[in-house]
Amino acid sequence: MVTRRNFLINASLATTAVLALPSLAFTMDKKEIGLQLYTLREELPKNVKATLEKVATTGFTTVETYGFSIKDQFWGLSPIELKRILDANGLKAFSGHYNLGSFLADGNTTELKAAIEAAKILKSEYLTIPWVDEPFRKNIHDYNVIAKRLNEAGKICANSGLKLAYHNHDFEFQKHDDITGYEILLNETDKNLVYFELDLYWIIHSGNDPVKLFKQNPDRFKMWHVKDMDKINSALNTEVGSGTIDFKTIFMEAKKSGMKHFFVEQENNYNPNPFESIKKSCDFIAKNLV
């Protein structure tokens, strides 16, 4: 016989069990699995439409673009044309990587304005800076300048209805007189104007702990790049779940991070090919992490 007391005890235990499972708690937030399209950089220039159709059938619902230029747009397609293909396949481009080297170097806004126009056509939420050229990141002063430019770009983006994000590699974690470039960027940017897309592979490759970073800077990392580290050669990527990175522990801290979107990325070492690799990563994430 089930008494009221036993029912309440069992219900309480069941609730506790659910809360103890990070994957179930994460599902409640309805996160979508995204793909950074740089993963398919050899395929997209050949046939954008066919490539994005395969992305959708693999299980991804969101993408992050890359490669936009004023001259060639997106692999020869205008933002309007790309948006039509994305819509036809049920894909949303929440973010895009836009190279803004000239703006970071001297404040020239030509690239930035073109990127903002493209991102707005795609209905993106974030305009993300993926890289800083080596000549402009050699010392503390350089990172002070980058932080200043990020604040400026963040304000311009905000005035256009977009959010600015910064994507890291491992060079930002190099020490400059006992402080890293990444610490400078975190400390000297306005948290209401500049957001961070944390590349989990690159921070771990640099010898740092993403969970520790979340605790030190809660709610700053609105996006992640999820890519795994090869078990034999740490310089290589591998399919998510096939390498050495403990994603389950990291995903447990998604709320503290402030993460809203994440994107699978694999830059090399596909097994046996890019499409099979992204499917393996998507399947692992769907089954084990969200």
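One can find the structure itself at the top, above this paragraph.
This structure is a prediction, so every number in the text was calculated from the model and none was measured. Every chain is numbered on its own, with residues counted from 1 as its sequence reads. Given that this is a predicted model, residues contribute local features only at a pLDDT of at least 70 and side-chain atom pairs are listed and counted only at 80 or more, while totals for whole chains, interfaces and linings are drawn from all residues. To get the side-chain values, take all heavy atoms of the structure and skip hydrogens and water.

J.: I keep staring at the overall build of the chain and nothing clicks. Help me out?
T.: Scanning the chain from N- to C-terminus turns up 13 helices and twelve strands. Buried positions account for 49% of the 290 residues belonging to the chain. Any two residues whose heavy atoms approach within 4.5 Å at even a single point are treated as in contact. By sequence separation, contacts in the chain at least 24 residues apart represent 76% of the contacts at least 6 residues apart. Of the roughly 14,100 Å² of accessible surface on the chain, a fraction of 51% belongs to carbon and sulfur atoms. Each helix is a run of H or I in the DSSP string that is no shorter than four residues. Each strand is a run of E no shorter than two, and both are numbered from the N terminus. Classification of residues uses two cut-offs on accessible area relative to the type maximum, computed with a 1.4 Å probe and protein chains only: under 20% is buried, over 50% is exposed, and between them is partly exposed. Note on areas: Shrake-Rupley, 1.4 Å probe, and residue coverage restricted to the protein chains presented here.

J.: In this structure, what is going on with helix 6 (residues 110-121)? I would like to understand it.
T.: The span you would expect from a helix comes to 1.5 Å times its residue count less one. Over its twelve residues, helix 6 extends 17 Å from the first C-alpha to the last, a length consistent with the 16 Å expected when each residue adds 1.5 Å. Residues of helix 6 that are buried: Leu112, Ala114, Ala115, Ile116, Ala118 and Ala119. Next to the buried residues of helix 6 lie helix 4 (79-88), helix 5 (101-106), strand 4 (126-129) and helix 7 (140-159).

J.: Can you help me understand unusual backbone geometry in this one?
T.: Peptide bonds are, in most cases, trans, and in most cases residues other than glycine have a negative phi. Cis rather than trans, the peptide bond between Asn271 and Pro272 has omega equal to 0°. Take Pro272: it is sitting in the loop between strand 12 (261-264) and helix 13 (274-288). Positive phi is not limited to glycine here, since Trp75 has a value of about 50°. The phi dihedral of Lys123 falls on the positive side, at around 65°, and the residue is not glycine. Accessibility expressed as a relative area gives 65% for Lys123, which makes it exposed.

J.: Whenever I open this one, the sheet that holds strand 2 (residues 62-65) confuses me. Can you help?
T.: In sheet architecture, strand pairing relies on hydrogen bonds along the backbone and comes in two forms, parallel and antiparallel. A pair of strands counts as paired when DSSP detects no fewer than two bridges linking them. Pairing is parallel around the closed barrel formed by eight strands, whose spatial order is 1-2-3-4-5-8-9-12. Averaged over all neighbouring strand pairs, the angle between strand axes comes to 30°, with direction disregarded. Of the pairings in the sheet, the one linking strand 5 (residues 163-167) to strand 8 (residues 194-199) comprises four bridges and is parallel in character. Within strand 8, the position partnered with His167 by the bridge is Glu197. Against the sheet, helix 13 touches strand 1 (33-36), strand 9 (223-226) and strand 12, its axis set at about 150° to strand 1. An axis is simply a line fitted to the C-alpha atoms; with a helix, the fit covers only the stretch in contact. Between two such axes, the angle follows the N-to-C directions and lies from 0 to 180 degrees.

J.: I keep staring at the pairing of strand 9 and nothing clicks. Help me out?
T.: Along any regular strand the residues' side chains alternate between the sheet's two faces. Residues Met223 and His225 point to one face of strand 9 and Trp224 and Val226 to the other, with burial holding for every one of them. Where strand 8 and strand 9 come together, three bridges link them in parallel fashion. Pairing of Leu198 across the sheet is with Trp224, part of strand 9. As paired strands, strand 9 and strand 12 are joined by four bridges and run parallel to one another. Within strand 12, the residue paired with Val226 across the bridge is Val264.

J.: Can you help me understand the nonpolar core in this one?
T.: Within soluble globular proteins, side chains that are nonpolar generally end up buried alongside one another. Counting residues in each nonpolar core, the largest one holds 79 residues, and the members touching the most others are Tyr98, Leu127 and Trp224. Not counting residues within four places of it along the chain, the set of residues in contact with Trp224 comprises Glu197, Leu198, Leu200, Phe214, Ile250, Phe251, Ala254, Ser257, Met259, His261, Phe262 and Phe263. We call a set of buried residues a nonpolar core when its members are Ala, Val, Leu, Ile, Met, Phe, Trp, Tyr or Cys and they connect through side-chain atoms within 4.5 Å of each other. Membership of the second largest hydrophobic core comes to six residues, among which are Tyr126, Ala165, Met223 and Phe263.

J.: What should I look at first to understand the packing of aromatic side chains in this one?
T.: Here is the rule: rings of Phe, Tyr and Trp (six-membered ring for Trp) pair when centre to centre is within 6.5 Å. Planes less than 30 degrees apart are stacked, more than 60 are edge-to-face, and the remainder are tilted. On inspection of all chains with the given rule, the structure shows 17 aromatic pairs. Relative to Trp202, the ring of Tyr201 lies with its centre 5.0 Å away and its plane at 80°, an arrangement referred to as edge-to-face. Trp202 shares its class with Tyr201; the two are buried. With a centroid separation of 5.1 Å and 90° between ring planes, the pair formed by Trp224 and Phe251 is classed as edge-to-face. Placement of Trp224 in strand 9 and of Phe251 in helix 11 (residues 247-251) is noted, with a sequence separation of 27 residues between them. The class of Phe251 is buried, set by a relative accessible area of 4%. Here the aromatic residues Tyr166, Phe173, Tyr182, Phe196, Phe214, Phe221, Trp224, Phe251 and Phe262 are joined through ring pairs into a cluster of three or more. In this scheme, the term charge over a ring applies when either NZ of a lysine or CZ of an arginine sits within 6 Å of the ring centre and within 35 degrees of the ring normal. Its guanidinium or amino end placed over the ring of Trp131, Arg137 lies 5.1 Å from that ring's centre, counting from NZ or CZ.

J.: Can you help me understand the side chain of Gln36 in this one?
T.: Relative to the helices and strands, Gln36 is located in strand 1. Gln36 sits in the buried class, given a relative accessible area of 0%. N or O atoms within 3.5 Å of each other form a polar contact, as long as, within protein, one can give a hydrogen and the other can take it, and as long as residues adjacent in sequence are counted only when both atoms are side-chain atoms. Among the polar contacts made by the side chain of Gln36, one reaches the main-chain amide nitrogen of Tyr38 at a distance of 2.8 Å. If sequence neighbours within four positions are ignored, Gln36 has contacts with Glu64, Thr65, Tyr66, His97, His225, Phe263, Val264 and Glu265.

Distances and angles like these do not, on their own, reveal function.
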